Amino acid sequence: MEIQGVGGRRRRIILVPFPVQGHITPMLQLGSILHARGFSITVAHTEYNAPHPSTHPEFMFHALSDGLGAGYDMSFDKILGAIYIMNERCKVPLVQYVENQTACGEEIACIIHDNIMFFVDAVATRLKIPGIVLATFSASYFQALTSIIPRFDAIFPYQDLMLEEPLPDLHPLRYKDGPFQPTQDNDIPEPIRDFFRITNDIRSAVACICNSIDYLEHSSLSKLQTHYKVPFFPIGPFHKLASSNSPTNLQEEDTSCLPWLDSQAPLSVLYVSAGSVAVVEKHAVVETAWGLINSGRPFLWVVRPGSVHGVQWTEFLPEGFQELVGDRGLVVKWAPQRRVLSHPAVGAFMTHCGWNSTLESICAGVPMICQPVFSDQLVNARYLSDVWKVGLEMEVIDRDVVERSVRMMMKGEEGKDMRKRVVDLKQKVESCVEKDGCSYKALNELVEFISSLHHKD
Ligand code: UDX
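Residues numbered from 1 in each chain as written. Predicted model: local features only at pLDDT ≥ 70, side-chain atom pairs only at ≥ 80, totals over all residues. Heavy atoms only, no water.

Quick look at the overall build of the chain
- A tally of helices and strands in the chain yields 18 helices and 13 strands.
- Its C-alpha atoms give the chain a radius of gyration of 22 Å, within 12% of the compact-globule value 23 Å for 457 residues.
- With respect to the three principal axes, the spread of C-alpha positions in the chain is 65 × 50 × 45 Å.
- Out of the 457 residues belonging to the chain, those deemed buried represent 58%.
- Look at the contacts in the chain between residues 6 or more apart in sequence, and 72% of them connect residues 24 or more apart.
- Each charge class in the chain was averaged separately, 41 positive and 53 negative side chains, and the resulting centres sit 4 Å apart. (Helix = DSSP H or I, 4+ residues; strand = E, 2+ residues; numbered from the N terminus. Rg over C-alpha atoms; globule rule 2.2 N^0.38 Å. Buried < 20%, exposed > 50% of the residue type's maximum accessible area, 1.4 Å probe, protein only. Contact = heavy atoms within 4.5 Å. Lys, Arg positive; Asp, Glu negative; His and termini not counted. Charge placed at Lys NZ, Arg CZ, Asp CG, Glu CD.)

Below, the structure is given as structure tokens:
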């Protein structure tokens, strides 16, 4: 279906991603989905972590001058400042770009932006173009935030002894699953509270698109829709609906792990990765390394350079690590994750529970060992272990717990049951993107909705 504007031209959608891998990937996938439905796509991106235009020749790309430059250090402690800088500096370049495009005869249907790129709302309002928010995370996390934000003072600070207690009105979450990064005295500093207030406010957006599935998160999605009073379109998992499998990775993939996986027995390998942002303590990775050694199971471990505090890459590995594991362990800087997860040799995924990794693992029918690091990952981990029951929660990271969890998942009865459940869930989720499935229908509704949008004169 071609969605044509005046003069028979495709109507254009402008996408504004937040520039970290876990947010760029779903935005580009959304672009592919909407392009296949007849829209032209422009990705208006920051210079920092710019996507590679050659991977999507069907899109237009436009760099917004962000004031950070390509080499900015976006480590966790600097990320908040960077977000405000980008939101301030990208405003004028985006206005100028859209005005130029309109002057050239482009008909802009809407601007879809990551909720963290909140400046777009002011641009869309000024140019009288409808804005739509993309939530790249789970609906359950989004809903937990909307419920907690107005109750900050009632919930924080909490006592240590409440960690295992249920968070009021947020079943199945406990205080310790709360999607924030509390300080040592279990409080949330005011700048962080402000950040969540700002990014959770959808302002004048006319709709929200979620990389979620009604079948998986029905209750959270309907609460969100009631709260925000705009249509929510859960059209996930994006990677299953996107017709093009164009690469979205910013970093070079080490594909040498694929022939290594070919040489391993079916369901024998544990895949370990903590995504693209998390930076973990040295102590935790040393314990993980020993747990993997002692488990005796084959493993493929992604250690992103800079992902361990105070260490460049793998300097934390215990002395003699390579001799101890021999051919049974492979460490890489960045893997082709979706191909790894769908490889027959992979039996389980030790994950930080980022939302993309969570969906990718479910869709590959791979059960998870949950090692959340911050924010939405804590909520996802709780849903994986307590609601969908396809993940094993690892409460503490010490070598014995790691070893036990790996053995249990790869060889134990609990692991077998979990694998059965995740394979069942995979089939159910796959049927959601097929004709008449809930995500497929939501996508048709979204396309109709965008087609009906007009400039707000
Ligand atoms: C961030 C947040 O941390 C996450 O919690 C949130 O849901 C999205 O934004 P990230 O930590 O990178 O994302 O995790 P995740 O959402 O899992 O995304 C990582 C992406 O990188 C996945 O699509 C994964 O396939 C890809 N990846 C990761 C690789 O392709 N290779 C790797 O080696 C590691």
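Section: the site of the ligand
- Taken together, the neighbourhood of the ligand is formed by 22 residues, with Ser276, Ala335, Ser357, Glu360 and Asp376 sitting nearest.
- Ser276 places a polar side-chain atom, nitrogen or oxygen, 2.4 Å from an oxygen atom of the ligand.
- The contact in question runs from an oxygen atom of the ligand to an N or O atom on the side chain of His352, over 2.9 Å.
- In isolation the ligand exposes 650 Å². Once the protein is present, 96% of that is buried.
- Looking at the shell around the ligand, the elements with two or more residues in it are helix H1 (21-36), strand E8 (269-273), helix H14 (355-364) and helix H15 (376-387). (Near = heavy atom within 4 Å. Polar contact = N/O pair within 3.5 Å; in protein donor to acceptor, adjacent residues only side chain to side chain. Areas by Shrake-Rupley, 256 points an atom, 1.4 Å probe, with all protein chains shown as cover.)

Examining the sheet that holds strand E3 (residues 60-64)
- Overall, parallel pairing links the 7 strands, which are arranged E3-E2-E1-E4-E5-E6-E7 in an open sheet. Each having just a single partner strand, E3 and strand E7 (232-234) make up the two edges of the open sheet. On average, each strand axis in the sheet is inclined to that of its neighbour by 25°, with strand direction left out of account.
- The pairing of strand E4 (residues 108-114) with strand E5 (residues 131-135) spans 4 bridges and is classified as parallel. When the bridges of E5 are listed, Asp114 appears paired with Leu134.
- Running at roughly 145° to E3, helix H3 (residues 91-103) makes contact with strand E1 (12-16), strand E2 (40-46), E3 and E4 of the sheet.
- Set on the sheet, helix H18 (residues 438-451) makes contact with E1, E4, E5, strand E6 (207-210) and E7; between it and E7 the angle comes to about 140°. (Pairing = 2+ DSSP bridges. Axes fitted to C-alpha atoms, helices over the stretch in contact; angles between N-to-C directions.)

Examining helix H5 (residues 139-148)
- H5 sits mainly inside the fold: 10 of its 10 residues count as buried.
- Restricting attention to buried positions, one finds in H5 the residues Ala139, Ser140, Tyr141, Phe142, Gln143, Ala144, Leu145, Thr146, Ser147 and Ile148.

Examining the pairing of strand E9 (residues 299-302)
- Of the two faces of E9, both are covered, the one formed by Phe299 and Trp301 as well as the one formed by Leu300 and Val302.
- In this structure, E8 lies alongside E9, joined through 3 bridges in parallel fashion. Along E9, the bridge assignment pairs Val272 with Trp301.
- Following the backbone out of E8, through helix H11 (residues 282-295) and into the adjacent parallel E9, one traces a crossover that is right-handed.
- In this sheet, strand E10 (residues 329-332) lies alongside E9 in parallel orientation, the contact comprising 4 bridges. Note on E10: the bridge partner recorded for Phe299 is Gly329. (Right-handed = clockwise from strand over helix to strand, strands pointing away.)

Re the packing of helix H2 (residues 79-89) against helix H7 (residues 190-199)
- Two numbers describe how H2 lies on H7: the axes approach to 12 Å, and their chain directions differ by 45°. On the basis of their axis angle, the class for H2 and H7 is oblique. By crossing handedness, the relation of H2 to H7 is classed as left-handed. Between H2 and H7, the residues in contact are Leu80, Ile83 and Tyr84 and Pro191, Ile192, Asp194, Phe195 and Ile198, respectively. (Parallel < 35°, antiparallel > 145°, perpendicular 65-115°, else oblique. Left-handed = near helix turned anticlockwise from the far one by under 90°.)

Observations regarding the domain arrangement of the chain
- Taken as a whole, the chain is organised into domain 1 (6-249 + 432-452) and domain 2 (257-430).
- Listed per partner, the contact involves 37 residues of domain 1 and 29 residues of domain 2.
- For the pair domain 1 and domain 2, the summed buried surface comes to about 2900 Å²; carbon and sulfur atoms form 59% of the total.
- The largest contributions to the domain 1 side of the interface with domain 2 come from Pro172, Leu216 and His239, which together make up 19% of the buried area.
- Where domain 1 packs against domain 2, one counts 5 salt bridges.
- When the shortest N-O distance is used, the salt bridge between Glu393 and Arg174 registers 2.9 Å.
- Of all the secondary-structure elements, those providing two or more residues to the side of domain 1 that touches domain 2 are H1, H5, helix H8 (214-228), helix H9 (238-241) and helix H17 (413-433).
- Tallied by class, residues from the side of domain 1 that touches domain 2 come to 17 nonpolar, 14 polar and 6 charged. (Domains from an automatic or database assignment. Buried area = accessible area lost by both parts, 1.4 Å probe. Salt bridge = Lys/Arg side-chain N within 4 Å of Asp/Glu carboxyl O. Nonpolar A, V, L, I, M, F, W, Y, C, P; charged D, E, K, R; others polar.)

Quick word on unusual backbone geometry
- Geometrically, the link from Phe156 to Pro157 is a cis peptide bond, its omega value of -10° lying close to zero.
- Mapped onto the elements, Pro157 comes out in the loop between helix H6 (152-155) and H7.
- In this structure, the amide linkage connecting Gly236 to the following residue, Pro237, adopts the cis form with an omega of -10°.
- Residue position: Pro237 is located in the loop between E7 and H9.
- Phi at Leu267 is positive, roughly 60°, even though this residue is not glycine.
- Residue position: Leu267 is located in the loop between helix H10 (257-262) and E8.
- Residue classification places Leu267 among the partly exposed positions, given a relative accessible area of 42%.
- A positive phi angle is found at Ser375, which is not glycine, with a value near 50°.

Some points on the pattern of salt bridges
- Within this structure, the stated rule accounts for 21 salt bridges.
- A salt bridge links Glu413 to Lys416; the nearest nitrogen and oxygen atoms lie 3.3 Å apart. Of the two residues, Glu413 and Lys416 are both situated in helix H17; the distance of 3 residues between them amounts to about one turn of the helix.
- When salt bridges with common partners are traced through the structure, they connect Glu164, Arg174, Lys176, Asp177, Arg382, Asp386, Glu393 and Glu395 into a single cluster.

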